[in-house]
Amino acid sequence: MASDLDPSSGFCRAAGIYYSKRDPIELPPPDQHLDLTTYVFSHHHNTEIAFINAPSGAQLSYSALRHNVKALAASLQRLGIRKRDVVLVISPNSIHLPCIYLAIVYIGAILTTTNPLNAEAEIRKQIADSNPVLVFAAPEFLPKARAARLPVVLIQTTNQTAIPSGCVATLHELFQSDVDDFPSVDVKQDDTATLLYSSGTTGKSKGVVGTHRNHIAMVAGYVNKTRKFINLCTMPMFHVYGFFYTLSAVASGSTMVVMPKFDFSEMLATVKRYRVTSLPAAPPLFVALTKSPIVAQYDLSSLQSVGSGGAPLSKEIIDKFIAMFPNIEVAQGYGLTESNGAVTFTSTSEENKKYGTAGLLAANVEAKIVDTVSGKALPPNQRGELWLRGPTVMKGYFGNMEATAATLDSEGWLKTGDLCYIDEEGFLFVVDRIKELIKYKAYQVAPAELEELLLSNPEIADAAVIPYPDKEAGQIPMAFIVRKSDSKLKEEDVMSFVSKQVAPYKKIRRVSFVASIPKSPTGKILRKDLIQQTLSTSKL
């Protein structure tokens, strides 16, 4: 293979595979019995504070974190929770969520999370699919938890005499258990640790089976490259992005400041108050940082790095951000729920300057770029579907053999559904979701490309592009536009702005002005919602 391997791109022409250019990371032997929690706590450091509640300033030390995890694990066993039992958590971000997550997987039970803002009907669907035996719920979401008709642990950390009906205990009570009274559980790395649900941005949400080894491999990749930061957790902890970000911070000995609820001005004040050095961000946050007039009112000089993930970040937005914040490095990455976190990233100042890329392949990760028609593996700078293989790739979709077979092949390749290319230096570039490409006559149009162009217009605050049915062309690009407050932009202005800068088949041919663009918690445009809304009014 060595003679066929291009050291610059990492591409092996004979195998059709891109290999990581990063140094391999040694993982625990696969047959070693080891759980995720034990692995996370095996990395020793001298950091005192693990988590800080942003609004109140309440702190959780690393010693308290370890104690609470063990105490809660013992309590869960006394409540009858056993290996392979599924436990659901319904809560906004909290300094106590890491305790709950780590305790559940510590005893070999399976963690599943849900967006607390989901409707009761949506939560019931997930419960019917995952079959949990216990629910952890924040007080404000107790009615949704009760609707599940399952035992509930109230995420309440102060002592109270009366426990609400339907609750078997409070988190405060469970933290009081004797940590020495903890029967050990034999957990294998291939055992299921998590059941995190995909965002469902292009279809029905599915339960992604993540093993202990999947998450151990992900944490190992980050603990080896992560400096000790003061992190601000703006991403939802119920999402894979927030989940692996939190675990990696604990393993690396960083301090994490937690915002229970995201508010832009509060985020800016939190960075100033706690001298935050690292901030994960989805594209909408980058846009806000470059366009909001209130940013200048806050001292953000402590920030060293802002990480982009959750959705592709356009070069236009990066250029504006760098111009405003020249001393802040923009680290970019790419990952899916199915890969249990980021599988490409930029990690050095030199890599971070490669704007528009999602980075180099992580250690131990392999990739293919596959032609969507012929199925052939493609060399550098050619677009195709990204396939991934490595120790972080999911075991499959829970209870869904058909979807698993369609996404994972017999050789362990994960078909991402993303249209990408890898350049001559091995950097990944994400073009768009294949399912979201607009089929205009014989051409394919990437919505993300047009959205990036639209966002460069100073009168446009936000934008989304979808396929609109057309009798002659099949589909035409339709733009949803959020105008800036002082803008009088018209439909023809938008069309003209785009048409001057793109090939004729990429022109915007229909425009709708809206108050906001629907997005997932990680900033992905929910095009399926816009498509459904549009199709319901379409005459075709």
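Throughout, residues of each chain are indexed from 1 in the direction in which the sequence is written. Only residues with pLDDT of at least 70 get local features here, since the model is predicted, and only at 80 or more are side-chain atom pairs given and counted; chain-wide, interface and lining totals rely on the full set of residues. Side-chain numbers come from the whole structure's heavy atoms, not from hydrogens or water.

Engineer: Would you mind showing me how to read unusual backbone geometry here?
Structural biologist: The general pattern is negative phi for most residues beyond glycine and trans for most peptide bonds. Positive phi outside glycine occurs at Arg275, with the angle close to 55 degrees. Unusually for a residue other than glycine, Asn340 sits at a positive phi of about 60 degrees. Structurally, Asn340 can be placed in the loop between strand E16 (329-336) and strand E17 (341-345). Each helix is a run of H or I in the DSSP string that is no shorter than four residues. Each strand is a run of E no shorter than two, and both are numbered from the N terminus.

Engineer: Can you help me understand the nonpolar core in this one?
Structural biologist: As a rule of thumb, soluble globular proteins bury nonpolar side chains together. Among buried residues, those of type Ala, Val, Leu, Ile, Met, Phe, Trp, Tyr and Cys that are joined through side-chain atoms within 4.5 Å constitute a nonpolar core. Burial classes: relative accessible area under 20% of the type maximum marks a residue as buried, over 50% as exposed, and values in between as partly exposed (1.4 Å probe, protein chains only). In this structure, Phe51, Leu65, Leu72, Leu76, Ile100, Ile104 and Phe136 are the most contacted members of the largest nonpolar core, which totals 62 residues. Top element by residues in this core is helix H3 (residues 97-106). It accounts for nine residues. Counting contributing residues, this core receives three or more from each of domain 1 (1-32 + 263-433) and domain 2 (34-220 + 238-253). Not counting the four nearest positions on each side in its chain, Leu76 is found in contact with Ile81, Ala103, Ile104, Ile107, Leu134 and Phe136. Ranked by size, the runner-up nonpolar core spans 30 residues in total, among them Val271, Leu279, Leu285 and Val287. Throughout the structure description, domain borders are defined by an automatic or database domain assignment. Two residues form a contact once any of their heavy atoms are found within 4.5 Å.

Engineer: Would you explain the packing of aromatic side chains in this entry?
Structural biologist: The description of an aromatic ring pair uses the distance of the two centres, along with the angle that the planes make with each other. Aromatic pairs are defined between Phe, Tyr and Trp rings, using the six-membered ring for Trp, whenever the two ring centres lie within 6.5 Å; interplanar angles under 30 degrees are classed as stacked, those over 60 as edge-to-face, and all others as tilted. Counting across every chain of the model gives eight aromatic pairs. A centroid spacing of 4.6 Å and a plane angle of 40 degrees characterise the contact between Phe11 and Tyr18, whose relative ring orientation is tilted. Phe11 sits in the buried class, given a relative accessible area of 5%. For the pair Tyr222 and Phe244, a centre-to-centre distance of 5.3 Å together with 55 degrees between the ring planes defines the contact as tilted. One end of the pair, Tyr222, is in helix H7 (residues 212-223); the other, Phe244, is in helix H8 (residues 240-252), and 22 residues separate them in sequence. The exposure class of Tyr222 is buried, given its relative accessible area of 12%. The structure contains a cluster of three or more aromatic residues connected by ring pairs, namely Tyr222, Tyr241, Phe244 and Phe345.

Engineer: Any chance you could explain the pattern of salt bridges here in plain terms?
Structural biologist: Put simply, a salt bridge is a Lys or Arg side-chain nitrogen that is within 4 Å of an Asp or Glu carboxyl oxygen. On inspection of all chains with the given rule, the structure shows twelve salt bridges. Residue Glu436 is joined to Arg527 by a salt bridge in which the shortest nitrogen-to-oxygen separation is 2.3 Å. With Glu436 in the loop between strand E23 (427-433) and strand E24 (438-440) and Arg527 in helix H16 (residues 527-535), the pair connects residues that are 91 residues apart, well separated along the chain. We note that Glu436, like Arg527, is buried.

Engineer: In this structure, what is going on with a negative patch on the surface? I would like to understand it.
Structural biologist: Patches here: salt-bridge-free residues with over 30% relative accessible area, like charges joined within 9 Å, nonpolar side chains (Val, Leu, Ile, Met, Phe, Trp, Tyr) joined within 5 Å. The Shrake-Rupley method, run with a 1.4 Å probe sphere, supplies the accessible areas, and residue values consider only the shown protein chains as cover. We treat Lys and Arg as the positive residues and Asp and Glu as the negative residues; His and chain ends play no part in the count. Lysine's charge is taken at NZ, arginine's at CZ, aspartate's at CG and glutamate's at CD. Taken together, the side chains of Glu459, Asp486, Glu491, Glu492 and Asp493 define an acidic patch exposed on the protein surface. Along the chain, Asp486 falls in the loop between strand E27 (474-483) and helix H15 (491-499). Since its relative accessible area comes to 66%, Asp486 is described here as exposed.

Engineer: Is there a simple way to explain the packing of helix H14 (residues 447-455) against H15 in this structure?
Structural biologist: When two helices pack together, their arrangement is captured by the angle between the axes and the distance separating the axes. Axis definition: a line fitted to C-alpha atoms, limited for helices to the stretch in contact. Angles are taken between N-to-C directions and run from 0 to 180 degrees. Here H14 crosses H15 at 110 degrees, and the two axes come no closer than 10 Å. Of the possible angle classes, the one that applies to H14 and H15 is roughly perpendicular. In the packing of H14 onto H15, the handedness of the crossing is right-handed. The residues of H15 that touch H14, namely those facing Leu450, Leu453 and Leu454, are Val494, Phe497 and Val498. The class makeup of the residues in the contact of H14 with H15 is six nonpolar, no polar and no charged. Orientation labels follow simple angle bins: below 35 degrees gives roughly parallel, above 145 gives roughly antiparallel, 65 to 115 gives roughly perpendicular, and whatever is left gives oblique. The crossing is said to be left-handed when, going from far helix to near helix, the turn is anticlockwise and less than a right angle, and right-handed when the turn is clockwise. Residues were grouped as follows: Ala, Val, Leu, Ile, Met, Phe, Trp, Tyr, Cys and Pro as nonpolar; Asp, Glu, Lys and Arg as charged; and all remaining residues, including Gly, as polar.

Engineer: Would you mind going over the side chain of Asp35 with me for this structure?
Structural biologist: Mapping Asp35 onto the fold places it in the loop between strand E2 (17-19) and helix H1 (36-41). Buried and unpaired, Asp35 has Lys83 as its nearest opposite-charge partner, separated by 10 Å. Think of a polar contact as two N or O atoms within 3.5 Å of one another; within protein, one of them needs to be a possible hydrogen donor and the other a possible acceptor, and neighboring residues in sequence only count if both atoms come from side chains. Among the polar contacts listed, one links the side chain of Asp35 to the backbone nitrogen of Thr37, at a separation of 3.0 Å. A distance of 2.7 Å separates the side chain of Asp35 from the side chain of Thr38, its partner in a polar contact. What Asp35 contacts, discounting residues up to four positions off in sequence, is Val105, Tyr106, Val187, His212 and Ile216.

Engineer: Help me understand the sheet that holds strand E5 (residues 86-90), please; the structure alone is not making it clear to me.
Structural biologist: Whenever strands of a sheet pair, they do so through backbone hydrogen bonds, lying parallel or antiparallel. Two strands qualify as a pair provided that DSSP identifies no fewer than 2 bridges between them. Sheet architecture is open: eight strands sit in the order E9-E8-E7-E5-E6-E10-E11-E21, paired in mixed fashion. Looking at which strands have only one partner, the edges of the open sheet turn out to be strand E9 (167-170) and strand E21 (396-397). Taken together, the three bridges between strand E8 (residues 152-154) and E9 define a ladder with parallel strand orientation. Bridging from a neighbouring strand, Val152 pairs with Cys167 of E9. Contacts from H7 reach strand E10 (192-197) and strand E11 (207-211) within the one sheet, and its direction differs from that of E11 by about 70 degrees.

Engineer: Before we go on, may I ask you to explain the domain arrangement of the protein chain in this structure?
Structural biologist: By domain assignment, the protein chain separates into domain 1 (1-32 + 263-433), domain 2 (34-220 + 238-253) and domain 3 (437-538). The C-alpha-based centres of domain 2 and domain 3 are spaced at 39 Å.

Engineer: Looking at this structure, how should I read the state of the cysteines?
Structural biologist: When two cysteine sulfur atoms lie within 2.5 Å, the pair is treated as a disulfide. As enumerated under the stated definition, the model contains zero disulfides in all. A disulfide-free cysteine, Cys167 has its sulfur positioned 19 Å from the sulfur of Cys99, the nearest such atom.

Engineer: How should the pairing of strand E7 (residues 134-137) be read in this particular structure?
Structural biologist: Neither face of E7 is left uncovered, since the one carrying Leu134 and Phe136 and the one carrying Val135 and Ala137 both have all their residues buried. Here E5 pairs with E7 via four bridges, running parallel. Among the inter-strand pairings, Leu88 is bridged to a residue of E7, identified as Val135. The pairing of E7 with E8 spans three bridges and is classified as parallel. Across the sheet, the residue bridging to Phe136 is Val153, located in E8.

Engineer: Could you clarify how one ought to interpret the pairing of strand E15 (residues 305-308) in this entry?
Structural biologist: A regular strand carries its side chains on alternate faces of the sheet. Across the two faces of E15 the burial is the same, with Ser305 and Gly307 and Val306 and Ser308 all buried. Bridge count for strand E14 (residues 278-281) against E15 is four bridges, and the pairing is parallel. When the sheet's bridge partners are listed, Ala281 is paired in E15 with Ser308. A crossover counts as right-handed when, viewed with the strands pointing away from the observer, the path leading from the first strand over the helix to the second turns clockwise. Traced from E14 through helix H10 (residues 283-291) to E15, the parallel crossover comes out right-handed. Both E15 and E16 contribute to a ladder of four bridges, which runs parallel. Bridged to Ser305 within E16 is Glu329.

Engineer: How should I be thinking about H7 in this particular structure?
Structural biologist: In an α-helix, one turn spans 3.6 residues; hence positions three or four apart end up facing the same way. By this rule, a helix spans an expected 1.5 Å times one less than how many residues it contains. Over its twelve residues, H7 runs 16 Å from end to end, which matches the ideal 16 Å to within 8%, given 1.5 Å per residue. Within H7, twelve of the twelve residues are buried, leaving the element largely enclosed by the surrounding structure. Taken as a whole, H7 has its buried residues at His212, Arg213, Asn214, His215, Ile216, Ala217, Met218, Val219, Ala220, Gly221, Tyr222 and Val223. The inward-facing, buried residues of H7 contact H1, H3, E10, E11, H8 and E17.

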